[in-house]
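Chain by chain, the residues:
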Amino acid sequence: MMKSLAVKAITVLLVATFGIGTACAAESLQDVMKRRSLSQQDLLSAAKTYTPSGKRDEFVAFSSGGQSGQVIIYGIPSMRILKYLAVFTPEPWQGYGYDEESKEVLKGGWIDGKEITWGDTHHPAISETNGQYDGQFLFINDKANPRIAVIDLRDYETKQIVVNPVFKSEHGGAFVTPNTDYVIEASQYAAPLEPKKFYPLEEFNDKYRGGITYWKFDRGAGRIDTSKSFSIELPPYSQDLSDAGKGPSDGWSFTNSFCSERYVGGIERGRPPFEAGCSAKDTDYMHVINWEKAAKLVAQGKAKKINGHDVLMIDTAVKEGILFLIPEPKSPHGVDVTPDGKFIIVSGKLDTHVSVFSFEKIMAAIKAGKFESKDPYGIPVISMQDTLHTQVALGLGPLHTQYDSKKCIAYTSLYVDSQVAKWDYCEGKVLDKISVHYNIGHLMTMEGDSVNPKGRYLVALNKLAIDRFNPVGPLHPQNHQLIDISNDKMQLLYDMPLPLGEPHYAVAIEASKLKPAVRYKVGTNSRTDKPHPGAARAGEERIERNGNKVTVYGTLIRSHITPEIIEVDVGDEVTINLTNLERAEDETHGFTVSTYNVHASAEPGKTVSVKFKADKEGVYPYYCTEFCSALHLEMQGYLLVKPKGWKPAPSKEIAKATYTEEDYRATLKKIADTQAVIDVVVGYITSTNYKDFPDVVNMVDDATDQLNRIAGAKTKYEAAAAKKDWEQANLWAEQVFQYQVKAADIGLRAKTYLEQNGAKKVK
Ligand code: K7E
Ligand code: CUA
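Presented here is a report on the structure given in the accompanying data block. Each residue is numbered by its place in its chain's sequence as written, counting from 1. Here every chain gets a letter starting at A, and every ligand a number starting at 1, in the order they are written. Where local features are concerned, this predicted model is filtered to residues with pLDDT of at least 70; where side-chain atom pairs are given and counted, the filter is 80 or more; whole-chain, interface and lining totals use all residues. In computing side-chain values, all of the structure's heavy atoms are included and hydrogens and water are not.

**Looking at the state of the cysteines**
Disulfides are defined as pairs of cysteine sulfur atoms found within 2.5 Å of each other. For the structure shown, the criterion picks out two disulfides. The disulfide that involves Cys-259 links it to Cys-278, with 2.0 Å between the sulfurs. The sign of the S-S torsion, about -60 degrees, decides the handedness of the disulfide formed by Cys-259 and Cys-278: left-handed. Of this pair, Cys-259 sits in the loop between strand S13 (252–258) and helix H6 (274–277) while Cys-278 sits in the loop between H6 and strand S14 (283–290), and the two are 19 residues apart along the sequence. Exposure classes here rest on a 1.4 Å probe applied to the protein chains alone. A residue is buried below 20% of its type maximum, exposed above 50%, and partly exposed in between. A relative accessible area of 12% means that Cys-278 is categorised as buried. Only DSSP runs of H or I reaching four residues or more are called helices, and only runs of E reaching two or more are called strands; each is numbered from the N terminus.

Below, the structure written as structure tokens:
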């Protein structure tokens, strides 16, 4: 040991002094550029995106995960993926769908009693205060099964899934009103609003309906309040995306639509297909809705209950003057309100123009009662000419628009041209264009749909990657391209492969606005934010039996699962509650039981439970699934599922190793040496102002927890030694050493933290 260390030290010295052992001197920047064929432009891009080790990103993006049903979180400008956040789909790392608490959340998303284990996420939305991102909550929709999920950004966990009570599909969600009073969700493909109701397609115009749901968000509770949510019945036009008004247009929302032809395809019945009939007319309709007044009408009891949910019917909405239509270029996709709330920009994807509608003009027409017609359902139609501010020819296939921090500047994705257009919506002129690879769908600027966009970067969410990355089979990753928009000309900086579903929309927020916790209050059920009834503190661990129900109240702390042995009878229903007693940052323990398909992730302070029927006799190891300390592999235990009527043989004891008095003395020496190290570390920490560092205080608490356990084990080894039971004496002494090692590990981390964060000497 000593010898190998010495050799190592000498080698390091030689290499450092004479360069011996390395092939050649370090490469210069020029060498690297030549070897990797990098241009000056490449270097500039690298300098704009490269985030040195230990440094963090300026913005954090929340991207939809498409068919994965999840949310993908990454940093900008480094484009490093930070997390796949479990939302609609089970995800084992987070225990999502494998522990009881998250199963309850997923159960909120069951439809008609059916378990649904996937989702098609499209549009994430960050909660807003006065139209600004506040970084508190995230919402995302499921297009396939009309649902909305609520994610709390205090711990980045999905807390709630609500099922739309009247739609069969949706697309235009989630969009929030400027103070997050409501989360907007629009239906997509029309269907009868009543649940499980059949009408033949011949009755499409009469019985099929679209709609918009306004989900009431209770910020204090951090949940959607379904009882105060409502919908507005709409004609069977395929409603698409929405946006809430802001500033002068606050209180209103805008939703576009396609297939206002109400065409029903059916090639098998000899009819031309949907796509032909759904784009026959030159225009579709933008829906203009006064949601603020709608909410009041619902409160006054003017809604009809459908499936237990308040629905304002078209007739009422028309009579009360809260619903209007404006023709818009056909098959539009994005509808995006400008940061000042004065204009609404609509892209008709089959038109080369984007249309800028003026909210002021819309209001003037409504006030004057100036309508060009009524639609077949009696909804007043305001003329496009009366409400247009301008139209700008941008290119082929305009889809979505985002805004810059600079006044009047917008960016629109051009799907067919595979370009981003930068343009001025006040003056109505194109400023710059940049090619992307390939077929861009959404695009995103920093906080670019809020009242206060931050500019700087734009991400192109491309639909195809084709040849941009190393091939990984016929299914390609998605490509998010980072573009610098801080100068007049846009500059492409980086290609980022996204390997999880097809992200549709993404939102990015200043990282400084996000303040997630590093631990829970001990014993918290993270999915309800309430104290967990299965929580246990140190010393309270126990196993309770009630008939054939066995409940374990256990704890997790480096490197120990309490209890270590769980004995049950075959057929018992077993619930294992586990509380992670750690306080230190990132000290997560995982838990699984062999072959019972359960998994939990217990972050510091959290209580989780797994439940299963012990339906097969046998021996099933359980263990911690996160590498949490040097003795992580030893963080283990046994579930013993005993056969019916099994009795232990009277004299059998657990197999023994044999230890001598010499072993015991050696362990005592080891304990004394380790204690000396601990004393030095403790001496250092207490000589500083460590109490000014909450993270260190938590580490010190964790270390103290470990040290406090020593007294009990010490009593045991001394008693055993007095009886000359060297086996027991040595093992309990070893346990003391384990407590010391863990305390020293945390103590050293605290010391490093203090040294790196400028702690001051106080003694
Ligand atoms: Cu793919 Cu907003 Cu669902 Cu557009 S969506 S491209
Ligand atoms: Cu706890 Cu590994």
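**Structural notes on the site of ligand 1**
Around ligand 1, the surrounding shell consists of His-122, His-123, His-171, Leu-241, His-333, Leu-399, His-400, Gly-441, His-442, Lys-463 and His-504. Put simply, the parts of the chain that give the shell around ligand 1 at least two residues each are strand S24 (398–403) and strand S28 (440–446). Residue classes in the shell around ligand 1 are distributed as two nonpolar, eight polar and one charged. Put simply, a residue is near a molecule or strand once any heavy atom of it comes within 4 Å of that molecule or strand. Any residue that is not Ala, Val, Leu, Ile, Met, Phe, Trp, Tyr, Cys, Pro, Asp, Glu, Lys or Arg is counted as polar, Gly included; the first ten are nonpolar and the last four charged.

**With respect to the sheet that holds S28**
Across the sheet, which stays open at both edges, the four strands sit in the order S28-S29-S30-S31 with antiparallel pairing between neighbours. Either end of the sheet is taken by a strand with one partner, and the two such strands are S28 and strand S31 (491–498). Each neighbouring strand pair of the sheet contributes to a mean axis angle of 20 degrees, computed without reference to strand direction. As defined by bridge partners, strand S29 (residues 455–462) adjoins strand S30 (residues 478–484) across six bridges and the pair is classed as antiparallel. Within S30, the position partnered with Leu-458 by the bridge is Ile-483. A contact between two residues is defined here by any heavy atoms of the two lying within 4.5 Å. Note on definitions: angles span 0 to 180 degrees between N-to-C directions of axes, and those axes are lines fitted to C-alpha atoms, for helices only across the stretch in contact. Across the face of the sheet, helix H3 (residues 40–49) comes into contact with S29, S30 and S31 while running at roughly 65 degrees to S31. Pairs of strands are assigned from DSSP output, requiring at least two bridges between the strands.

**Some points on the nonpolar core**
The biggest cluster of nonpolar side chains holds 47 residues, and the ones touching the most others in it are Tyr-214, Ile-232, Phe-254, Met-286, Ile-344 and Phe-357. In terms of residues, this core owes the most to one element, helix H7 (residues 291–299), which gives five residues. Judged by nonpolar contacts, the second largest core, of 27 residues, contains Ile-566, Val-568, Val-570 and Ala-614. To form a nonpolar core, buried Ala, Val, Leu, Ile, Met, Phe, Trp, Tyr and Cys residues must be joined to one another through side-chain atoms within 4.5 Å.

**Description of the packing of aromatic side chains**
Any two rings among Phe, Tyr and Trp, with Trp reduced to its six-membered ring, count as a pair given centres within 6.5 Å; such a pair is stacked if its planes are under 30 degrees apart, edge-to-face if over 60, and tilted if neither. Applying the stated criterion across every chain, the model contains 24 aromatic pairs. Pairing Trp-252 with Phe-359 gives two aromatic rings, centres 6.1 Å apart and planes at 70 degrees, and the pair type is edge-to-face. Of this pair, Trp-252 sits in strand S13 while Phe-359 sits in helix H9 (residues 359–368), and the two are 107 residues apart along the sequence. Neither residue differs from the other here; Trp-252 and Phe-359 are each classed as buried. Considering the side-chain rings of Trp-423 and Tyr-425, the 6.5 Å spacing of their centres and the 75 degrees angle between planes classify their relative orientation as edge-to-face. Side by side, Trp-423 and Tyr-425 carry an identical accessibility label, which is buried. One aromatic cluster is present, formed by Trp-252, Phe-254, Phe-324, Phe-359 and Phe-371 through successive ring pairs. Only Lys NZ and Arg CZ are tested; either one counts as a charge over a ring when it is within 6 Å of the ring centre and within 35 degrees of the ring normal. Over the face of the ring belonging to Trp-110 we find Lys-107, whose NZ or CZ atom lies 5.4 Å from the ring centre.

**Observations concerning empty space enclosed by the protein**
We place a 1 Å grid over just the protein atoms. Points where a 1.4 Å probe fits but has no way out form a cavity, open points with protein on both sides within 12 Å along at least 5 of 7 lines form a pocket, and any residue with an atom within 4 Å of a point lines it. Grid points are joined across faces, edges and corners, and a volume is the space filled by probe spheres set on the points. Summed over all chains, the structure comprises one cavity of 30 Å³ or more. What the largest cavity holds in volume is close to 250 Å³. Along the walls of the largest cavity sit 28 residues, with Phe-175, Ser-242, Asp-243, Asp-449 and Tyr-505 positioned nearest its centre. Considering each element in turn, the lining of the largest cavity owes the most residues, four residues, to strand S12 (residues 238–244). Per-class residue counts for the lining of the largest cavity are 14 nonpolar, nine polar and five charged.

**Things to note about the pairing of strand S36 (residues 549–557)**
When you tally the buried positions in S36, you get seven out of nine residues, the bulk of the element. Here strand S35 (residues 542–546) pairs with S36 via five bridges, running antiparallel. Counterpart to Asn-546 in the pairing with S36 is Lys-549. The pairing of S36 with strand S39 (residues 573–580) spans eight bridges and is parallel. Within the sheet, the bridge partner assigned to Gly-554 lies in S39 and is Leu-578. Note that S36 and strand S37 (residues 560–562) share three bridges and pair antiparallel. Looking at S37, one finds that Thr-555 is bridged to Thr-562.

**Describing the sheet that holds strand S25 (residues 409–414)**
A sheet is described by the order of its strands in space; here four strands give the open sequence S24-S25-S26-S27, paired in antiparallel fashion. Strand pairing shows two members of the sheet lacking a second neighbour, S24 and strand S27 (429–435), which therefore form its edges. Within this sheet the neighbouring strands show an average axis-to-axis angle of 25 degrees, counted without direction. With six bridges joining them, strand S26 (residues 419–424) and S27 adopt antiparallel strand pairing. When the bridges of S27 are listed, Ala-421 appears paired with Lys-433.

**A look at the packing of helix H12 (residues 694–708) against helix H14 (residues 726–756)**
Following both chains from N to C, one finds H12 and H14 inclined at 165 degrees, their axes separated by 8 Å at the closest point. Considering the angle they form, H12 stands roughly antiparallel to H14. The interaxial crossing formed by H12 with H14 has left-handed handedness. In contact with Asp-695, Val-696, Met-699, Asp-702, Ala-703, Gln-706 and Leu-707 of H12, H14 contributes Tyr-739, Lys-742, Ala-743, Ile-746, Arg-749, Ala-750, Tyr-753 and Leu-754. When an angle is under 35 degrees it counts as roughly parallel; over 145 it counts as roughly antiparallel; between 65 and 115 it counts as roughly perpendicular; any other value is oblique. Handedness of a helix crossing follows the sense of rotation of the near helix relative to the far helix, less than a right angle counterclockwise being left-handed and clockwise being right-handed.

**Some details on unusual backbone geometry**
Between Ile-76 and the following residue, Pro-77, the backbone shows a cis peptide bond with an omega angle of 15 degrees. Turning to its location among the elements, Pro-77 is positioned in the loop between strand S2 (71–76) and strand S3 (81–85). Cis geometry is found at the peptide bond from Thr-562 to Pro-563, where omega equals 5 degrees. By the element assignment, Pro-563 lies in the loop between S37 and strand S38 (565–569). If you check the backbone angles, Asn-307 has positive phi at about 55 degrees while not being a glycine.

**Observations concerning the environment of Pro-376**
With respect to the element layout, Pro-376 can be found in the loop between strand S21 (373–374) and strand S22 (380–381). Owing to a relative accessible area of 59%, Pro-376 belongs among the exposed residues under this scheme. Each C-alpha atom, one on Pro-376 and one on Ala-465, is 43 Å from the other, the two residues being 89 residues apart in sequence. What Pro-376 contacts, discounting residues up to four positions off in sequence, is Tyr-237 and Arg-262.

**Observations regarding a nonpolar patch on the surface**
Only residues whose relative accessible area exceeds 30% and that form no salt bridge are eligible for patches; like-charged ones are grouped when within 9 Å, while nonpolar side chains (Val, Leu, Ile, Met, Phe, Trp, Tyr) are grouped when within 5 Å. For accessible areas, the Shrake-Rupley method is used with a probe of radius 1.4 Å. Any residue's cover is judged against the shown protein chains and nothing else. Salt bridges, as used here, are contacts in which a Lys or Arg side-chain nitrogen is within 4 Å of a carboxyl oxygen on Asp or Glu. A cluster of nonpolar side chains, namely Leu-396, Tyr-415 and Val-416, defines an oily patch on the protein surface of about 260 Å² accessible area. Along the chain, Tyr-415 turns up in the loop between S25 and S26. Judged by its relative accessible area of 34%, Tyr-415 is partly exposed.

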